[in-house]
Amino acid sequence: MFDLKQVQHFNRRQFMAGTGVGLGAMALGALNSRQAFANSMPELGLAGLPHHTPRAKRVIYMFQSGAPSQFETFDYKPNLLAIQKTELPDSIRMGQRITGMTSGQKNFLVAPSIFKFAQHGQSGAWISEVLPYTAKVADDLCIIKSMKTEAINHDPAITFCQTGFQLAGRPSIGAWLAYGLGSEADDLPSYVVMVSRGTGRTGDQPLYDRLWGSGFLPTKHQGVKFRSGTEPVLYLDNPAGCTTQLRRQMLDDVAELNTIRQAEVGDPEIQTRISQYEMAFRMQSSVPELTDISDEPEHILEMYGADVRIPGTYARNCLLARRLAERDVRFIQLFHMGWDHHNDLPEHLGKQCHDTDQASAALLTDLKQRGLLDDTLLVWGGEFGRTTYCQGDFTDTNYGRDHHPRNYSIWLAGGGVKPGLTYGETDDFSYNITANPVEVFDLNATILHQLGVDHERLTYRYQGRDYRLTDVHGKLVKDILL
Amino acid sequence: MIFATGQVGGFLATSLILTLSLSAQAVQSDPLDFKRDIRPLLGDYCFACHGPDAATRQGGFRFDERDSAFGEADSGEYPIVPGNVDTSEMIRRMRSSDEGEMMPPPEVNKRPTSAQVDVIERWIADGATWREHWAFIAPTRPEPPVVQHAQRVRNPIDQFVISKLESINLELAPEADRTTLVRRLSLDLTGLPPKLEQVDAFLADGSADAYERLVDRLLASPDYGEHMATFWLDAARFADTNGYQNDFQRSMWLWRDWVIKAYNDNMPYDTFVIEQLAGDMLPDATIDQKIATGFNRNNRTNTEGGSLEEEWLVENVVDRVETTSTVFLGLTVGCARCHDHKFDPISQKEFYEFFAYFNNVAEKGVYNETRGNVAPVLAVTTPEFEREIGALEKDIESAAQILARLDAELAEQQIAWEAELSSSDFRISIEPAINLLNDQLATKPPQLEQTIAAARESNPVAPATFGPAIGFAEKDHKPVDLGSLFDFDASIGFAVNCWVKPTKYGAIISRMNEQESYRGFDMLIMDDGRLNVHLIHDWPGNATKITTVEKIPLEQWTHVSVSCEAPGKAPNIHVAINGRTVEQTVDSDTLDGTTLTTHPVWLGLRGQTPPYVGNISRLQIFDRPLDDVAVNNDYLQSLRFAIQASTGERSELQQADIVHHFRLGQAAYFEALHSLGTLQTKLTELQAQVPTTMIMEELAEPRETYVLKRGQYDQPDKSKPVTATIPAMFHSDKTPSNRLELAQWLVDGANPLTARVAVNQFWSHYFGIGLLETPENFGTQSPQPSHPELLDWLATEFVRTGWDVKQLQRLIVTSATYRQTSSASRQSFETDPNNRLLARGPRFRLPAESVRDNALAISGLLTSRIGGPSIKPYQPDGLWEELAGGAGEPPYQIAEDNNLYRRSLYIYRKRTVPHPTMTTFDGNAREICAVARSRTNTPLQALALLNDKTYVEAARNLAMLALDHSDDGNEQVRLAFRRATARWPDDNELGVLAKSLERKLELFSSEPEQANEMIKNGIAPADAKYDPVRLAAMTAVASIILNLDEVITKE
C-alpha cells in the first residue's frame, strides 16, 4: 500500500514547496537538473517498476512504414525461381483473404526476388544484395522471419504494431513505457519520434499522430516529435525579438508572480507549473544541443552515409537517435516512409534500401563502439509483409507485391537479444509460417520484458478494465533472448 | 466531462479514499458496505472465471449474481454460506497455499492481500449482505439530509455536500470573493473571461439576487451554447476529416451548428438525445432533426484503398455501439464484442442485439479513396443560395435566347461559308505516323485495317460526318486494343488529332499502366466534360497533368487535338478544341522520367476509370508536336471533307453537324455559346457548394445481424441471427425494436443510467471531476461515487424538471458548494488533491479550447461569430505535409480575415494530425468517443504559451490596450493584469510587474532592433502610433501575464 517511490516523490515536492520564493532561479542552480526534472515531469514511473532487472535501458525502433518485402531483404526463397510466373497453389494460399487491390486479379503468379542473396558472417545469415551494410553486421542481428500480424491494410496494421489494437484509442508502446518507467533523461522527453520520407516511393502512405499517441493514458506520455527544421520541437524557439536574456527575465518574473499566487491560494499545481517553465527553458538549450551535429567527427558522419548531412533524412535521424540514446531517452522511434511497393518493386525497394541500409548498420556499429549496444534494443521492421505473387505487370525486370499479413521479416539487435541468430521459418513461398511464429503481441511483450517490464502487469484501469499493451495476448519470445 | 489527474492527484486521492475506507474496516464495529468494500474485490479477483462471461466461467457459479454465489457449485461445495465462514469454500480457497486449490489460481497475476481476504471473511461472517450494483437500479429521490451548518445551504446540493463534510468534522470553505466568482462563472458558463464592464457591473450590483441574475445573463449568452458544445464534440468524436489513412476532409459543421443552437435554445436533454440518435426516424422529420443524426455519422470512415467492405461495415457499427453506450449509458458495452462482458451482465449475444440497432444504415464499409462527405448525406441550402441560383438560372435563359436569335440570323451565311471552304485546301505537310478512320488517307499502318474493321463490326457506329467512326457501347464495353502502336514518349514529343462524339465521358485514348504508378499517357474527358491530359512517370509525385477550362459537349462531333513538345512539362502541352487552342489549368508539373510503358494503347478506356461511350473518328497520331496553324488546318480540312463528301445527299444528322461547326466558326455565335457555357458552369459550381452534412438513414431492407464469433467480421454465426433489443440487465418492460425506440427508452425516465450519466458529465465541467470519477464507466467495476445520494438526487431532479439543461447548470452554479473559495491550505490540497470532498471551490487549468479563447478575449482579438465551417488558426508550417502520404490534403492554409481569431471549437480538426496546441493542452484527437480528458502540466505547454504566435500576438495586442489606457506604467500593467485575471494586482504583484516593465524598457532601449521584431509577431499589424520600444516592453510584460498560472486556471 505504501510505496517508497511515491513517498520520495511526495517528499521532493514538499521540499520544493518549502523553499518558497526564488525557486525559479534555484532550479537553475542549486538543484541538479535531474531532480528538478523528476519533480516537474511525471517521471518517476510507477511503483514496483521495473518488475525485474532490465536487460536494456532504451529502445530505438526503426519503423519501416509501408511494409518492406521480406522476399528482397531477409527471407531467401531460392525455390521460387524454378516456378516463377506459375500460379500460386491453392494448397499454399488456403483461401486466405487478400486485399481489395488484388482480389480482382485474374491470376496470382509467383514472383521470385530479382535480387541475389548470400550468406554473411559467422552466423551465415541470408541477406539480400540490396542490404550490403546490414550484411556486414549480420553477426549482431537477430533476424525474425516469422513475424505475423492480423491486419491487412496500412492504417489498422501500423496502429496495431504501435498500440496493440487495430483501431484508434489505445496508448502507443512508447507511451506505455513512459507511463510505466518514467524518464531517465535529464532535459529531454522520454519518448521521441522522428519521421523521414523515403526516396523509393514519393507520395506513399501517410503517418498519423496516434502512432505515438497516449490513448487513454494522460497526454503527457505521448511521444514528442522532433522535426527536421530549425525548430526541432514545436514552439521551442523564442519569438522574434525575444533574446535569451529577455526570456530569462520573463521566466523569473513569471516564477515570482506564480510563487506569490501559490502562497495565496495554496495549490501545489502552481509549483509544478513553475518547474515546467524551468524545464521548458532548459529544453531550449538541450534540444538544439542535441540536434546540432557539428561536434560529430568526419569519420562518424561518413559511417552514416552522405544523407546524414541533410536534416530530415533517415540517416540524420539515425545519428540523432544515437545522440538521444546517449542522453538516456527511453524510447526513440524513427519512421521511414515509402515501403509500399505494389509496383516497380525492384526500383523502389532498391531506393528505400539505399536510404536506410547504411545508416541502420552505422547506428548499430556506432552504439556498439560506444558500449551502448548492450543496453540499447534496436528493432527494424514494418507493419506486415508482401505477397509471393505479383501485383500488376510482371516482366523479367519488374513486378510488384501486395500486402501480406501472414509472415514478414524484422530484425532486432543489442539489448539482451541473441546476436547472429535467424529465427523462425516460412514455407517455400514465404506465404505461411512453418516454425516459431512471432505475433506482434509477442514482439511487444518481448520489448517490454527487455526493459524490465512484465507486459501482463503494466496495466491501466480504464472503462473498469485493466488495459495492457498486449491485451490478453503476448508471450515472451524466450528463444531469442540471451 | 473533464476530470483531473493532477501531478500528485492519483496517489493522494486514492490514499485518502483508502484511508477513509480502511479506517472504516479497521474498526470491527463499523459495518461493511457491499458495494464499497466487497464488490470491487469480487470484480478484481473473481469475475474473470466466476463472472458474467459464460465462456470462461469455471465451477458452475458466478460472483456477480447472489443466488449463484450462495448456491451450490459444480463441486457440490457452497462458495459463500452467509454467516458461516468455515463452510464457505471461497474463504478456504483464498486462504489455501496449495497450488492446486488456491484462489485466484497461481498463474493469475493479480493477488488479493490478506487484509482483503479478511474483509471478505468478515463480510461473510456478518451475514454476507448482498446489494445489486447501484447504477443498474433506477435512482430513487433521496431526501436531502439535515445539516448543522444550515445557514450555508443555498440549495439541496449543499445539504448533501455539507452532510458528508460534517461527518468528518469539516465544513464548507467560505464563499469566494465576487471578482473570483464572476470570472469563475463566466469561464464555466461561456468559456470566456468576463469583460471588465461585466465585472464592474457585478461588483456594483448590491441587490440580493445579483449573483443569480448574473448566472441568467450568462446562460442567455450565445457564448454559452458554444462552450457547452465544445465538450459534446469530444463525446460525439466530431472532426473535419474521416480519420483513416489519407484522412480526407469531410464537412459536418452543420451538425456542430445544430449542437450550439440546441444548447442555446435550451433544448430539453431528452429531445437532444432522441434527435441525435434517431431524428431521421421521427414522423415528418425536419431538416434540423435529420442534421442532428450526424452524431452517429461523426465516426471515422475508412477510405484506404484495398480495404475490405465487410470488415469496416462492422467497425462503423461497433463504433456507434461504443459511443452510444458510453455517452448515454456510461456502459462499456463494447467489451462484450468478442465474448460475454467480464464484469457487467452483458452477454456477447446482447452486444450484437444492441449492434443491430445501428446495423441498418444505408452506408458502405469502405469508401475507396473518396474525398468529402459520404452517403447518406443531406444538402442544406440557405435562402441566399436559393436566390443566387435563381438569378443564374435567369441569366442562362436569356443567354439561350440570344443564341436562338443568332441561329436564325446566321443561317443565310452558311452557303457562302461552305463554298469558300470547299474551294480551299488545308492539307498539312506533316505526315501522320498513325492514321485511322480517315477516308482521305490510307490506314497507317495497314495491318490495323483488320483490327479497326473488326472493332467497327462489333460496335455501334454513328453516321460518319467527318470520317468513318468507331463506336463504344456502354454494355459490354471493350477498349480497342492497338497494341504497342505508338509510344507517346514525352521526351520526343507527339500530337494526337481526332474527332469525338461522346455520350458518356471517359478516356479517348490511353497508354497507361495503372498498376505501375499510372505510368504513361492519356486523354481523358472528366465527368464534367473538361479534358485531362496526363503524362506520368510515377503518380502523383512525378507527372504532368493539365485540365482544359473549356468542356467537350456531349452528343456533338468535336475536333480534339493534343500536342506535346518535349520534355512534356505542362507549358509544352497544347490542347485545341475545334481548331482553337484553349485555356488550361496545370494540376501537376513534376514530370521527370520516362512515360514509356509496356501497357497497350487503348481507344475508349483507361484502366479503372469509367469507359468512354460514343464515337471516335479520324484519329491521327504524329511523331512530333503540331503548331496552332497545323491543328486549325486539320480541323478545317475535316470540315471541308465533310462538306464535299455530303454534297447533294446530306442526311439530317450530317446537316446538323455541319451547321453546328459553321456556327462555331462565327465569332458572335461562338461568344454567345461561350458565355452560356460559363453561366452553366457557374450554376453547377454553385450547386456543388450547397453545404451537405452526413446523416443517418435506415435501409429499406434491414441488414441481417449475427453474433460474430470472437468479434470477427468474417465469422458470423449464422445459427445465431439476432434482432435489435436491449440487454436483460435493464429488466425493462419495454423492448425497443428500432433506433428511435431505443432513443426514447434511454430518456423515458425509468432508465437507471441516462440521467445519472448526464448529470455526472455536467458536474465535471464545474468541478473538474465527476461525482463518479469514471464518467465512461458506471458498471460494476466503477469506483464509488464521492456523493452517491447527491448524484441520484441530481439525476431525479434533472428528469423532474423535464430534462431542463440550463436549469441544471443554474442549480449547480448557484449552490454554496460551487461558490466556495478555491484557495485552501496546503494540507487541503495534499489530502484531497482532486477535491472529492468538495471542501473548497474548484481550481484547475482551463480546457485546451479555453486556454486559447481566453487569451484572445483578454487581448481583445477574439472574433465572436457563431457557426459555419471550421477555421484554421496559426499552426507551425509543414505539420500536415511531413506526415501526409501521396493523397494527403493540400497544405494547411492559415485562415484569412477575422476567422483567424474565432473560438477554438471551430478549429479544423484533422484527426491524424490534430492541431498541436489542442493536443498539448490535453485536447482530444477525436478519433473515438471521449467523455473525459486528462489534465497534465508539461513543459510543452510552457513552450506553447511562451512562443506560439497566437499568444505572442495576443500579448502584443494586450500591450496596445494597456498603452491606450494610460501613459503611466503602473496603470498600464494594472489594466493588463486585470483584463487577464478580472482582479487588480496587489501591491506585491504590482511591484513585480512595474519593475519588470522597467527592466524590459531598459533592455529594449538598448536593443531597439529587437523591439521592432518583437512587435511584428502575428498577422495583425501593430499600429505605427506606438513607440516600438514601449510597445515591445509592454508586450513582454503582457506575455508574462498571459503565462501566469492564474490566467490559464479557473479559480
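Residues numbered from 1 in each chain as written. Chains lettered and ligands numbered in written order. Predicted model: local features only at pLDDT ≥ 70, side-chain atom pairs only at ≥ 80, totals over all residues.

Asks: I'd love a proper account of the overall build of chain A, names of residues and values included.
Replies: For chain A, the helix and strand inventory stands at 13 helices and 17 strands. Taking 2.2 N^0.38 as the reference for a compact globule, 482 residues should give roughly 23 Å; the C-alpha atoms of chain A span a radius of gyration of 24 Å, in line with that estimate. Taking the principal axes of its C-alpha atoms as reference, chain A extends roughly 80 × 50 × 45 Å. Taking all 482 residues of chain A together, the buried fraction comes to 63%. If you take every contact in chain A between residues at least 6 apart in sequence, the share linking residues at least 24 apart comes to 77%. (Helix = DSSP H or I, 4+ residues; strand = E, 2+ residues; numbered from the N terminus. Rg over C-alpha atoms; globule rule 2.2 N^0.38 Å. Buried ≥ 20, exposed ≤ 12 C-beta atoms within 10 Å, placed from the backbone. Contact = placed C-beta atoms within 7 Å.)

Asks: Explain the overall build of chain B residue by residue, including any values.
Replies: Across its full length, chain B carries 37 helices and 20 strands. Each principal axis of the C-alpha distribution contributes one length, and for chain B these read about 120 × 85 × 50 Å. Relative to its full complement of 1051 residues, chain B shows a buried share of 51%. A fraction of 70% describes how many contacts in chain B between residues 6 or more apart in sequence connect residues 24 or more apart.

Asks: If you had to explain helix α7 (residues 156-167) of chain B to someone new, which residues and values would you point to?
Replies: Residues and elements named next belong to chain B. With 12 residues, α7 extends 17 Å from end C-alpha to end C-alpha; this agrees with the ideal 16 Å at 1.5 Å per step. Restricting attention to buried positions, one finds in α7 the residues I157, D158, Q159, F160, V161, I162, K164 and L165. Contact partners of the buried residues in α7: α25 (788-800), α26 (805-813) and α27 (816-819). With its phi angle positive at about 60 degrees, N169 sits one or two positions after the end of α7. (Expected span 1.5 Å × (residues − 1).)

Asks: Account for the interface of chain B and chain A, naming residues and giving values.
Replies: Listed per partner, the contact involves 92 residues of chain B and 78 residues of chain A. When residues of the side of chain B that touches chain A are traced back to their parent elements, those giving at least two are α28 (826-831), α30 (879-883), α31 (916-920), α32 (939-947), α35 (987-1006), α36 (1008-1014) and α37 (1028-1042) of chain B. With 7 residues, α32 of chain B is the single largest residue contributor to the side of chain B that touches chain A. Among the residues making up the side of chain B that touches chain A, the classes are represented as 31 nonpolar, 42 polar and 19 charged. (Nonpolar A, V, L, I, M, F, W, Y, C, P; charged D, E, K, R; others polar.)

Asks: Break down the pairing of strand β9 (residues 542-551) of chain B for me, with residues and values.
Replies: Side-chain direction in a regular strand flips from residue to residue, so the side chains alternate between the two faces of the sheet. All names here are of chain B. Taken together, the 7 bridges between strand β8 (residues 530-538) and β9 define a ladder with antiparallel strand orientation. Pairing of N532 across the sheet is with T547, part of β9. Linkage of β8 to β9, two consecutive antiparallel strands, is achieved through a turn of 3 residues. Here 5 bridges tie β9 to strand β13 (residues 584-589), and the two strands are oriented antiparallel to one another. Paired with I546 across the strands is V586, a residue of β13. (Pairing = 2+ DSSP bridges.)

Asks: Would you mind going over unusual backbone geometry in detail, with residue names and values included?
Replies: In this structure, P104 of chain B follows M103 of chain B across a cis peptide bond, with omega equal to -10 degrees. Here P104 of chain B lies in the loop between α5 (89-95) and α6 (114-125). Look at the link from A566 of chain B to P567 of chain B: it is a cis peptide, with omega at 5 degrees. As for its position among the elements, P567 of chain B is in the loop between β10 (558-565) and β11 (573-577). Positive phi, normally seen in glycine, also occurs at Y235 of chain A, with a value near 65 degrees. Mapped onto the elements, Y235 of chain A comes out in the loop between β6 (224-225) and α8 (244-265). Assessed through the 24 C-beta atoms surrounding it within 10 Å, Y235 of chain A is described here as buried. At E369 of chain B, a position not held by glycine, the phi torsion is positive, near 50 degrees. You can see E369 of chain B is positioned in the loop between α16 (348-355) and β1 (377-379).

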